[in-house]
Amino acid sequence: MSTEPAPDTAAHPALDRQDIAHLARLARLAVTDEELDRFAGQLGAVLDAVAQVQRADVDDVAPTTHAVPLTNVLRADVTTPSLPRDVVLAGAPAAEDDRFRVPRILGEEA
Amino acid sequence: MSETRSETRSETLVDFDDVLTRYEPVIGLETHVELGTESKMFCGCSTTFGAEPNTQTCPVCLGLPGSLPVANAAAVESTIRIGLALGCRIAPWSRFARKNYFYPDIPKGFQTSQYDEPLCTAGHLDVEVDGETYRVEIERVHLEEDTGKNLHVGGATGRIHGADHSLVDFNRAGIPLVEIVTRPVPGAGAKAPEVARAYVTELREIIQTLGASDVRMEQGSLRCDVNTSLAPVGSLEWGTRTETKNVNSLRSVERAVRYEMRRQAAVLDAGGRVLQETRHFHEDTGSTSPGRSKEEATDYRYFPEPDLVPLAPDAEWVEKLAAGLPELPAARRTRLREEWGLSVTEMTWLVNAGALGLVEQTVAAGASPADARKWWLGELARRANDAGVELAELAVTPAQVAELTVLVAEGTVNDKLARQVLDGVLAGEGDPRSVVQARGLAVLGESDELGAAVDAAIAGAPDVVAKVQAGKVQALGALVGAVMKATRGQADAATVRRMLEERVL
Amino acid sequence: MSDLTALNVVELQQALSSGETTSVEVTRAHLDRIAAEDGTLGAYLHVDGEAALRRAAEVDASGAAGTGLAGIPVALKDVFVTEGVPTTSGSRILEGWRPPYSATVAQRLADAGTVLLGKTNMDEFAMGSSTENSAYRPTRNPWDHDRIPGGSSGGSSAAVAGRLAPVALGTDTGGSIRQPAAVTGLVGHKPTYGSVSRYGLIAFSSSLDQAGPMARTVLDAALVHEVIGGHDPRDSTSIDAPVPTVVEAARRGAGGDLAGLRVGVVRELGGDGAREGYDAGVLERVAEAVALLEGAGAEVREVSCPSFGLALPAYYLIAPSEASSNLARFEGMRFGLRVGDDGSRDIDEVMALTREQGFGPEVKRRIILGTYALSAGYYDAYYGQAQKVRTLINRDFLAAFDDVDVLVSPTSPTVAWPIGARVDDPLAMYAADLCTLPASLAGVPAISVPCGLSEGLPVGLQVMAPALADDRCYRVAAAVEAALGAPLTDRLGERAA
Ligand SMILES: [Mg+2]
Ligand SMILES: [Zn+2]
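Keep in mind that this is a model prediction, so the values were computed, not measured.

1. Thoughts on the interface of chain C and chain A
Okay, step 1: The interface is formed by 62 residues belonging to chain C together with 57 residues belonging to chain A.
Okay, step 2: In this structure, A:R28 engages C:D348 in a salt bridge whose closest nitrogen and oxygen atoms are separated by 3.3 Å.
Okay, step 3: At the surface where chain C touches chain A, the tally comes to 15 residue pairs in polar contact (both at pLDDT 80 or more).
Okay, step 4: Of all the secondary-structure elements, those providing two or more residues to the side of chain C that touches chain A are α10 (311–326), α11 (347–358), α12 (361–374), α13 (380–403) and α14 (426–430) of chain C.
Okay, step 5: In terms of residue count, the dominant contributor to the side of chain C that touches chain A is α13(C) (12 residues).

Here you go:
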């Protein structure tokens, strides 16, 4: 993944305003300056609390991502009716030429 | 799609042959293949190409709140079959993961893909270039979903930059997509561009043979990202790679590698550093240009998709799929080469000419392998070339070619007449036999008509007859020529010679 | 007929099938009460009385009223999408959105002939324990209007406790059915993960979310559970198994005989040495309930589940992580709110402004926390580690269920607290889920059943059972209910009267 060092588990996992701003950008949240300050304080305390998970001795423990032990849940390759287009576009904030209209795009994505 | 042309023009390039005196290229390919399933990856919407915008969508593929995915069994099986065809290990335990990023063509704010637990790993594909075999290691084959399509409005037509806004069609969103990733391929040297092309060509043929996709590059059902890097000759470390996107034809794959090699060499020669970046290929100029660099590296925050349960193909399922695989292109080529008694080089010509399938079908329709090959690589190749089309696009079927070789073999027509018959077939006049009939092209037998022509030739050239009778037998050729000319090539030369000999000697 | 809103589902079934009343009358009685009371309570976000009466009339005309749930009014937490009916998940970002499809559980209730009264208030995207995080208005506890009704299904708890609906659906991710049920004197059940469809439930944390009933009696809850439960091919995590026989279990439990049943009291949840943060009154009521179980023949012992202490930190990593991804689709492009699209801004700016204005502070806090926990370099230390802790909690349950048939604990460490008391202290708010989180993380079923009052406010007993043994929860809860006599909410009715 990245080259950032893993946090020192003994250290206080502080989040400063800059960290919050970076995370907010990743999450597409236009947080205000006032929110940055408040979140930095609150999330610091929350992170302190949740960092307790690092105390658990889980060396040989497999993670649980699903509470149900299911595998291979598949559907047959059969088509089902789609929604009518007017219904699809009725919920859109903006539509044009039978498509969803979105603001100008700056970058190209993967 | 991307940058202005002027930027690409300013790039300095090193001569291709020059590049190789100082640098060793390493290539890598990421190929996305849209599977030819009836329904989408996680919902029942149709995948039919070319439908009216946003008519093949539902709560799931629009990412509406509350909707949930259910994986398409046929897509999973196709992916496993592709993996098997590439000699991959099929993971006994595999999962979908969420690749989180924002873009208007991905409806959920993440793409459902696979991350550290792909369905297939560690395969390989051998490709041949100029009689040499190159092994391309396959790192992984995984299953994901396609994105919607953006249409950019305003500014330069269809380009993202300068566009005023964009319009999104989600018909394509959620179509199953298989991603095939190679390991870096070193050691191809000057052949690197051709190896890249040969790899995609072979991969395409395999997937076509499997029936997993229609692999149409022009419709985007097969898309390639080409990675290229250069290392100084003799260096153990590989250079920084670029990833060229938007490479949408086999020829472009080759051109993209060639261009990047020349461009990167120029950067390195000037003492610069190659930037690790995404570049876009321009079909019109054969060049690449940098994508917009992001202010910060994307962090996709992959994690296992909690809405889908793991895929755990058991041995029995995998064996059943393996047993159902068709004969793969490489095996088929080996078999046919042996059956037809061809050398490796002869086989390569056949394949490169795109004639393998045509010859195989022509043989199946009754022609001898030698005749079938002779026609497709000779007369037909010449005509395709003249018309600027692919062999397969000629208006003649393998069955018609086979019929033509039979007409020659049974002596109904000679080679020259056969070419006229072919003219008729290509002109849409019907099958070879009907063209022979309609155009009256059959070879003349020892008929009165031919006898009269022979007699006329003898009567018209007493001096030649005298020479022949005086022992200069090779002078008979002039008489044969005269008869052939008189019959407009419709006579069989050997028959004419025999008839002349009977009368003159 | 006396006040129809005072009747529970079983009583309404009888009144409907005997012809004493009609679905229209029952529906109108509830709509009248909503009109009178909801201005104060704030239980509903959307009520369409005309549509409800039309539907009730259809059911009456069909002659089905009184059969199963036919003709019974219900309320749905606003987290369930309902075709053509506004659905907001308590958020501004979905204001005015009318979904083009319905959640499987909403459809199953409709198919059973129930009448939808409306959509109930909730903490935004189900993030909260007090319903104060609703973007629209807070909901008040019918027992004390200055106190919270619990959350995030606080609209449903207030509606049912306040007799603005006979039953309601809630969703429970870390306790959001059980805790509001406990603090309003209701029965609330979180089914085994995978046993009730999540299709059409607006996701908060996919690996934890589960829909379930909230009712004034155990049997009422079971009747609703039976209708909404069972396999759904649209949900890949849905278990293809018969619905546990919860109605039968509720009836059997009401007989009061628990002979041979082994009950484990979880030491780490309010037991010896783990009482900090628990109201003394809550622990007393729970101890009395445990004594009642013993009196009914159950064998009671203390059980230790050492990893339960890590449930809270694990939960507050897993749920925000999944939420940060689940909420990414709310970016104003295909549905819902869009802010700032005036031609001057690019798409990233419009998305960010939309989410800034569309989400409330708790949602933003959790998105940022989840984004952090999943980000490169931190994944293993946070999300990965939390998922491993989850395994430890599973193991504690498995070990405990080797020795006992059910586990019990308080549902909430405290009674309902005053509105506003914890809004600026996320950690204090999160502590409300202390007892409910282990069952959420392990995916096992758990019910909250009223077990008396403390300071005049309801206390709930939580009963947890192994996966797919939801019937045990109902059986034990019904035994507690029977031992205590009338449903706790009757005392609220008496107080109001
Ligand atoms: Mg991909
Ligand atoms: Zn769809």
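2. Focus on the pattern of salt bridges
Okay, step 1: Under the counting rule described, the total for this entry stands at 62 salt bridges over all chains.
Okay, step 2: Residue B:D269 is joined to B:R22 by a salt bridge in which the shortest nitrogen-to-oxygen separation is 2.5 Å. Within this pair, whereas B:D269 is found in helix α5 (residues 250–269), its partner B:R22 is found in helix α2 (residues 16–22), the two being separated by 247 residues in sequence.
Okay, step 3: For B:D269, a relative accessible area of 36% corresponds to the partly exposed category.
Okay, step 4: The network of salt bridges with common partners includes B:R98, B:E305, B:D307, C:R198 and C:D235.

3. Notes on the packing of aromatic side chains
Okay, step 1: According to the stated counting rule, one finds 19 aromatic pairs over all chains in the structure shown.
Okay, step 2: Considering the side-chain rings of A:F100 and B:F170, the 5.3 Å spacing of their centres and the 75° angle between planes classify their relative orientation as edge-to-face. Here the residue A:F100 occupies a position in strand β3 (residues 99–103), and B:F170 occupies one in the loop between β9 (165–169) and β10 (176–182), the pair thus bridging two chains.
Okay, step 3: With a relative accessible area of 1%, A:F100 lands in the buried category.
Okay, step 4: Residue classification places B:F170 among the buried positions, given a relative accessible area of 1%.
Okay, step 5: Between B:F303 and C:Y383, the ring centres sit 5.6 Å apart and the planes meet at 70°, which makes this aromatic pair edge-to-face. You can see B:F303 sitting in strand β15 (residues 303–304) and its partner C:Y383 sitting in helix α13, one on each of two chains. The pair B:F303 / C:Y383 is uniform in exposure class, with both members buried.
Okay, step 6: By the ring-pair criterion, three or more aromatic residues cluster together here, those being C:W97, C:F125, C:F330, C:F335 and C:F359.

4. Focus: unusual backbone geometry
Residue and element names in this part refer to chain C.
Okay, step 1: Note that the residue after G151, namely S152, is joined by a cis bond; omega there is 5°.
Okay, step 2: Here S152 is to be found in the loop between β3 (115–120) and α5 (154–161).
Okay, step 3: Phi at S89 is positive, roughly 55°, even though this residue is not glycine.
Okay, step 4: Mapped onto the secondary structure, S89 falls in the loop between β2 (73–77) and α4 (104–111).
Okay, step 5: The exposure class assigned to S89 is buried, which follows from its relative accessible area of 0%.
Okay, step 6: Non-glycine residue F125 carries a positive phi angle of around 50°.
Okay, step 7: Note on placement: F125 falls in the loop between β3 and α5.

5. Some points on the sheet that holds strand β1 (residues 23–34) of chain B
Residue and element names in this part refer to chain B.
Okay, step 1: Here we have 9 strands laid out as an open sheet, ordered β3-β6-β7-β10-β1-β11-β12-β13-β14, and mixed in their pairing. Pairing within the sheet leaves two strands with one partner each, and these edge strands are β3 (89–90) and β14 (287–290).
Okay, step 2: Two strands pair when backbone bridges link them, and strand β6 (residues 120–129) and strand β7 (residues 132–145) are joined in this way by 9 bridges, in the antiparallel orientation. Across the sheet, the residue bridging to E128 is T133, located in β7.
Okay, step 3: Contacting β1, β11 (222–232), β12 (242–247), β13 (278–282) and β14, α5 runs over the sheet at an angle of about 30° to β11.

6. Side note on the coordination of the zinc ion (ligand 2)
Residues and elements named next belong to chain B.
Okay, step 1: Every protein donor of the zinc ion (ligand 2) is accounted for by C43 (SG), C45 (SG), C58 (SG) and C61 (SG), and the metal-donor separations fall at 2.3 to 2.4 Å.
Okay, step 2: For the zinc ion (ligand 2), the 4 donor atoms in the first shell make angles of 99 to 116° at the metal, a pattern classed as tetrahedral.
Okay, step 3: Counting the intervening residues between successive donors of the zinc ion (ligand 2) yields the motif C-x1-C-x12-C-x2-C. Placement of C45 in the loop between β1 and β2 (71–72) and of C58 in the loop between β1 and β2 is noted, with a sequence separation of 13 residues between them.

7. Considering the interface of chain C and chain B
Okay, step 1: Contact with chain C, which involves 36 residues of that partner, is made by 30 residues of chain B.
Okay, step 2: Summing the contributions of chain C and of chain B, the shared interface buries around 2600 Å²; its carbon and sulfur component is 61%.
Okay, step 3: Among the residues of chain C in contact with chain B, C:S236, C:R329 and C:R334 are the three that bury the most area, contributing 25% of the side total.
Okay, step 4: Put simply, chain C and chain B have 1 salt bridge between them.
Okay, step 5: The salt bridge partner of C:R198 is B:D307, with a shortest N-O separation of 3.0 Å.
Okay, step 6: Applying the counting criterion to the chain C and chain B interface returns 15 residue pairs in polar contact (both at pLDDT 80 or more).
Okay, step 7: Those elements giving two or more residues to the side of chain C that touches chain B turn out to be α10, α11 and α12 of chain C.
Okay, step 8: Here the side of chain C that touches chain B is composed, by residue class, of 19 nonpolar, 9 polar and 8 charged.

8. Thoughts on the coordination of the magnesium ion (ligand 1)
All names here are of chain B.
Okay, step 1: The protein atoms that coordinate the magnesium ion (ligand 1) are E144 (OE), E144 (OE) and E179 (OE), at distances of 2.0 to 2.7 Å. Linking E144 in strand β7 with E179 in strand β10, this pair joins segments that are 35 residues apart in sequence.
Okay, step 2: Classification of E179 as buried rests on a relative accessible area of 10%.

9. Side note on the domain arrangement of chain B
Okay, step 1: Domain assignment breaks chain B into domain 1 (16–302), domain 2 (330–430) and domain 3 (448–504).
Okay, step 2: A separation of 68 Å is found between the C-alpha centroids of domain 1 of chain B and domain 3 of chain B.

10. Quick notes on the UniProt feature "active site" (unreviewed entry) in chain C
Residues and elements named next belong to chain C.
Okay, step 1: Within this structure's numbering, the places UniProt gives as "active site" (unreviewed entry) are K77, S152 and S176. In three dimensions, the annotated residues from a span of 100 residues occupy one location, with a maximal C-alpha spread of 10.9 Å.
Okay, step 2: Secondary-structure assignment places K77 in strand β2.
Okay, step 3: Its relative accessible area of 0% is what places K77 among the buried residues.
Okay, step 4: Apart from residues no more than four positions distant in its own chain, K77 is found in contact with K119, T120, M122, A126, S152, S153, S156, L169, G170, T171 and S176.
Okay, step 5: Separated by 2.7 Å, the side chains of K77 and S152 make a polar contact.
Okay, step 6: In this fold, S176 is placed in the loop between β4 (167–172) and α6 (178–184).
Okay, step 7: Judged by relative accessible area, S176 falls into the buried class, the value being 5%.
Okay, step 8: Ignoring sequence-local partners within four residues, the contact set of S176 consists of K77, A126, G128, G151, S152, S153 and T171.

11. Side note on the nonpolar core
Okay, step 1: Membership of the largest hydrophobic core comes to 280 residues, with the highest contact counts inside it found for B:I82, B:L86, B:I180, B:Y199, C:F397 and C:L407.
Okay, step 2: If we ignore the near neighbours within four places in the chain, the residues touching B:I180 are B:L29, B:E30, B:T31, B:V33, B:I82, B:L86, B:I138, B:R140, B:V141, B:Y199, B:L203 and B:I207.

12. A short note on α11(C)
Okay, step 1: If you check α11(C), its first and last C-alpha atoms are 16 Å apart, about what 12 residues at 1.5 Å a residue would give, namely 16 Å.
Okay, step 2: Where burial is concerned, most of α11(C) is hidden: 9 out of the 12 residues are buried.
Okay, step 3: All of the buried residues along α11(C) are C:I347, C:V350, C:M351, C:A352, C:L353, C:T354, C:R355, C:E356 and C:G358.
Okay, step 4: Taken together, the buried residues of α11(C) touch α2 (33–50) and β3 of chain A together with α12 of chain C.
Okay, step 5: Between the side-chain oxygen at the start of α11(C) and the backbone nitrogen of C:D348 there is a gap of 2.8 Å, and the oxygen is on C:D346.

About the criteria used
- Residues numbered from 1 in each chain as written.
- Chains lettered and ligands numbered in written order.
- Predicted model: local features only at pLDDT ≥ 70, side-chain atom pairs only at ≥ 80, totals over all residues.
- Heavy atoms only, no water.
- Contact = heavy atoms within 4.5 Å.
- Salt bridge = Lys/Arg side-chain N within 4 Å of Asp/Glu carboxyl O.
- Polar contact = N/O pair within 3.5 Å; in protein donor to acceptor, adjacent residues only side chain to side chain.
- Helix = DSSP H or I, 4+ residues; strand = E, 2+ residues; numbered from the N terminus.
- Buried < 20%, exposed > 50% of the residue type's maximum accessible area, 1.4 Å probe, protein only.
- Phe/Tyr/Trp six-rings, centres within 6.5 Å; stacked < 30°, edge-to-face > 60°.
- Pairing = 2+ DSSP bridges.
- Axes fitted to C-alpha atoms, helices over the stretch in contact; angles between N-to-C directions.
- Donors = N, O, S within 2.8 Å, 3.2 Å for Na, K, Ca; no water.
- Tetrahedral: all angles 85-135°; square planar, octahedral: opposite > 155°, others 65-115°.
- Buried area = accessible area lost by both parts, 1.4 Å probe.
- Nonpolar A, V, L, I, M, F, W, Y, C, P; charged D, E, K, R; others polar.
- Domains from an automatic or database assignment.
- UniProt positions renumbered as here; feature names shortened; annotations may be inferred.
- Core = buried A, V, L, I, M, F, W, Y, C linked by side-chain atoms within 4.5 Å.
- Expected span 1.5 Å × (residues − 1).

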